[in-house]
Structures are given as C-alpha cells and as structure tokens.
Amino acid sequence: MKPPPFDYEVAASIDDALTRLRNGGDDAKLLAGGQSLMPLMNYRLARPSVLIDINRIPRLADITVGNDQITLGALVRHHKLETSPTIAEQLPLLREAAGWIAHPQIRTRGTTGGSLAHSDASAELPVALMALDAEVLVRSLRGERTLAIQDLVVGHFVSSLAPDEMITEIRVPRLPAGTGTAFAEFARRHGDYAIGGAAAVLTLDEGGVCTRARITVLGGGPTALRCHEAEALVTGEPVEDPIIAETALAAITGLTPMPNLHGDSNYRRQVIATMVSRTVTEAARRARSNS
C-alpha cells in the first residue's frame, strides 16, 4: 500500500511548525518518527494533505536534568530512552518500558512525544509516564498549557490535543529516595501488541512500609489507566505477599479489556493482575536496595 498524495514541509522552529500547522488546519499533521502515522496513511486510515517535518527543530531531542525534574524533548527517540545513561540513572522505569516497544528499527525512529500524541491504548510510554506523574507541555500560536498524562491520552487513538497544538516537552518529577520502579508486559512474541502490562512506582520507608504508590496498567481499557484503589491498598503497608495479592486483585476490579484473538476479556484481566503482582514485587525489591 502507498499513502495518498500529500505536500511535505520542513519546519525550522517550533513557531514555524505551529504556523504551518494552523495554516494547514485539519488536513495538516506533524511528522516526527512517523512509525504510527505512515502505516495509518498507507492503509488510508489517515489522509493528511500536508505533513510538517519537525525533526530539524533544535533542542527538541534534548534530555535535561534539573533540581526537581527531568525534561524530555518531544523528539527524544525510544532508542535514546533505552540506551541513555542519564535515563538509566534518573528514570529507570522509562528505560525498562522502552525496551518493550515494538522492534529495534521502530525504536530508532519512534519518539516520546509522538507516542503520547498517537494515544495508542497498547503503548508502553503513556503507562510508564503516568506512573511517574509526568506532565506534558503543549503549545500552539494561542499559547501553551500543561497537561497530566491522564488528561492527554483520553481514549484509543484519541488525545486532548487541539488540531493546532503540538507537544514540545515532557516533564517528569525526580523520584524521592527509597523509591523503586518496575515495568512488565506479556505478549505472544516480543514486539507484538501486549495482551496486558503494568508499571509500579513504590517508595518505602526504612521499615519497608510503603509510603507512596503509583500503579498503572496497559490493556485494561481504551487508554492507560491508573489504579487508585490498588495504590491506596498498598500504601501504609509492608509490601509482602498477602498485600501484593490483594493489590493485584484491586487493580483489575472494574477493568473491561477488549477481547481479541489472543484471549477474552477475563483472560486479559488475569494477565494484567499477574503483571501488577510482578511489578509491585519488583518495585518493592528495588526500593529496598535504594533505601
């Protein structure tokens, strides 16, 4: 399959990209890695008449470590998340999640901002970034706004971005001492769409009691989901087998995964429960080693 005809433009700056995006209206799309957009165009599921290439905009691929947060430019590639020493040290959850994304060729081109804007319900990065309390800076010629991940990815292939807006950076708060993180997913083959997955971020005190928890799941619904009841259950408790089992059960309560060729809804719920159990167990273990 070949995409429908389109005009190709190259933006020299963020303002230039936003001007072109506004002028193009609903028929214009930003092109970053293109790993999601181009297949949709090839199958005629997307028909933009104008593609605006933002790959040459300076500083959009930078990773910046500040006193309170780590800032990722929208063009930070999945491969960079997987291999950057800075990410490995500061945000190991992103490094772990990035390794599950598709295949090496796709990770070389795919971008963090593109993954969030695409809002695929089976994508790894929204789940990991939601667990990290990340925020996204969104800009248009009308101004800028900051969105939490759960306010950005609102449905399967549906984000809250306006047609004239673009993601410019992702801001992730630095993790407190005594925090451990973990990501896990299950697919028939590595690189396939996940049947289910989870991320966990736990902070433990010196006695091993959880003082802060973030648990998110992949494949449980039309978008990445945060499990507030599971978080409340484990917070204030020693992270041991009985509470881990209860937390995993709480995480899948109310979930309605879409059945597919690999399993019905109940099977996918059980997979997600197992992934929650694994990530909570591993995050707690890593938290103990970091305390």
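The residue numbers shown here count from 1 along each chain, following its written sequence. pLDDT decides what is reported in this predicted model: residues at 70 or higher carry local features, side-chain atom pairs at 80 or more are listed and counted, and totals for whole chains, interfaces and linings draw on all residues regardless. Excluded from the side-chain calculations are hydrogens and water; all other atoms, namely the structure's heavy atoms, are used.

Enquirer: When you look at the overall build of the protein in this model, what are you seeing that I'm missing?
Expert: Only DSSP runs of H or I reaching four residues or more are called helices, and only runs of E reaching two or more are called strands; each is numbered from the N terminus. Secondary structure summary: the protein contains twelve helices and 14 strands in total. Our radius of gyration looks at C-alpha atoms and nothing else; its globule reference is 2.2 Å times the residue count to the power 0.38. For 291 residues, the compact-globule estimate of 2.2 N^0.38 gives 19 Å, and the protein sits close to it at 19 Å. Each principal axis of the C-alpha distribution contributes one length, and for the protein these read about 60 × 45 × 30 Å. Methods summary: accessible areas were calculated by the Shrake-Rupley approach with a probe of 1.4 Å, and residue burial reflects only the protein chains presented. Of the roughly 13,500 Å² that the protein leaves accessible, carbon and sulfur atoms contribute 51%.

Enquirer: I'm lost on the pairing of strand 2 (residues 28–31) in this one. Help?
Expert: Here, strands pair whenever DSSP counts at least two bridges between them. In this sheet, strand 3 (residues 50–53) lies alongside strand 2 in parallel orientation, the contact comprising four bridges. By the bridge assignment, Ala28 is partnered in strand 3 with Val50. Throughout, right-handed denotes a crossover for which the path from the first strand over the helix to the second runs clockwise when the strands point away from the viewer. Between strand 2 and its parallel partner strand 3, the chain crosses via helix 2 (residues 37–42), and the hand of that crossover is right-handed.

Enquirer: Sorry, what's going on with the side chain of Thr247 here?
Expert: Along the chain, Thr247 falls in helix 11 (residues 241–252). Of the residues examined, Thr247 reaches a relative accessible area of 0% and is grouped as buried. Here the term buried applies to any residue with accessible area under 20% of the maximum for its type, exposed to any over 50%, and partly exposed to those in between, with areas from a 1.4 Å probe on protein chains only.

Enquirer: I tried to follow the sheet that holds strand 3 on my own but got confused; where do I start?
Expert: Strands in a sheet are paired, the pairing made by backbone hydrogen bonds, and the direction either parallel or antiparallel. Across the sheet, which stays open at both edges, the three strands sit in the order 1-3-2 with parallel pairing between neighbours. Edge positions in the open sheet fall to strand 1 (7–10) and strand 2, since each of these has one partner strand only. Between one strand axis and the next, the sheet turns by 25 degrees as a mean value, whatever way the strands run. Examined bridge by bridge, strand 1 and strand 3 share four bridges and lie parallel to one another. Bridging across to strand 3, Glu9 finds its partner in Ile52. In this analysis, axes come from line fits to C-alpha atoms, helices being fitted only over the stretch in contact, and the angle between any two N-to-C directions falls in the range 0 to 180 degrees.

Enquirer: Explain unusual backbone geometry here, please?
Expert: Generally, phi is negative for residues other than glycine and the peptide bonds are trans, each holding for most cases. Of note, the phi angle at Asp133 is positive, near 60 degrees, even though the residue is not glycine. Despite not being glycine, Phe157 shows a phi value in the positive range, around 60 degrees. Counting through the fold element by element, Phe157 comes out in the loop between strand 8 (153–155) and strand 9 (158–159).

Enquirer: Could you clarify how one ought to interpret the nonpolar core in this entry?
Expert: The nonpolar side chains of a soluble globular protein tend to be buried with one another. To define a nonpolar core, start from buried Ala, Val, Leu, Ile, Met, Phe, Trp, Tyr and Cys residues and group those joined through side-chain atoms within 4.5 Å. If you look at the biggest cluster of nonpolar residues, it comprises 39 residues, and the most contacted ones within it are Leu72, Leu94, Leu129, Ile167 and Ile170. Per-element tally for this core: the top contributor is helix 8 (residues 124–131), with six residues. The contact criterion used throughout is that any non-hydrogen atoms of two residues lie within 4.5 Å. Excluding its chain neighbours within four sequence positions, the residues that come into contact with Ile170 are Ile70, Thr71, Leu72, Gly73, Ala74, Thr112, Gly113, Leu116, Leu129, Ala134, Glu135 and Val136. By size, the runner-up hydrophobic cluster in this structure holds 31 residues, among which are Ala198, Cys210, Met275 and Ala284.

Enquirer: Is there a simple way to explain the side chain of Arg268 in this structure?
Expert: Topologically, Arg268 is positioned in helix 12 (residues 265–290). The charge count treats Lys and Arg as positive and Asp and Glu as negative. His and the chain ends do not count. The working definition used for a salt bridge is a side-chain nitrogen of Lys or Arg within 4 Å of a carboxyl oxygen of Asp or Glu. For the buried residue Arg268, which engages in no salt bridge, the nearest side chain bearing the opposite charge is Asp264, 8.5 Å off. Sequence-distant contacts of Arg268, defined by excluding residues within four places in its chain, comprise Ala194, Ile195, Gly219, Pro257, Met258, Asn260 and Gly263.

Enquirer: Before we go on, may I ask you to explain the sheet that holds strand 10 (residues 166–173) in this structure?
Expert: Strand order in the open sheet made by the five strands is 4-5-10-6-7, with antiparallel pairing throughout. The sheet terminates laterally at strand 4 (63–65) and strand 7 (143–148), the two strands that pair on one side only. Averaged over all adjacent pairs, the angle separating strand axes in this sheet is 20 degrees, with direction ignored. Taken together, the five bridges between strand 6 (residues 135–140) and strand 10 define a ladder with antiparallel strand orientation. Within strand 10, the position partnered with Val138 by the bridge is Ile167.

It is worth stressing that arrangement in space is one thing and function is another; only the former is reported here.
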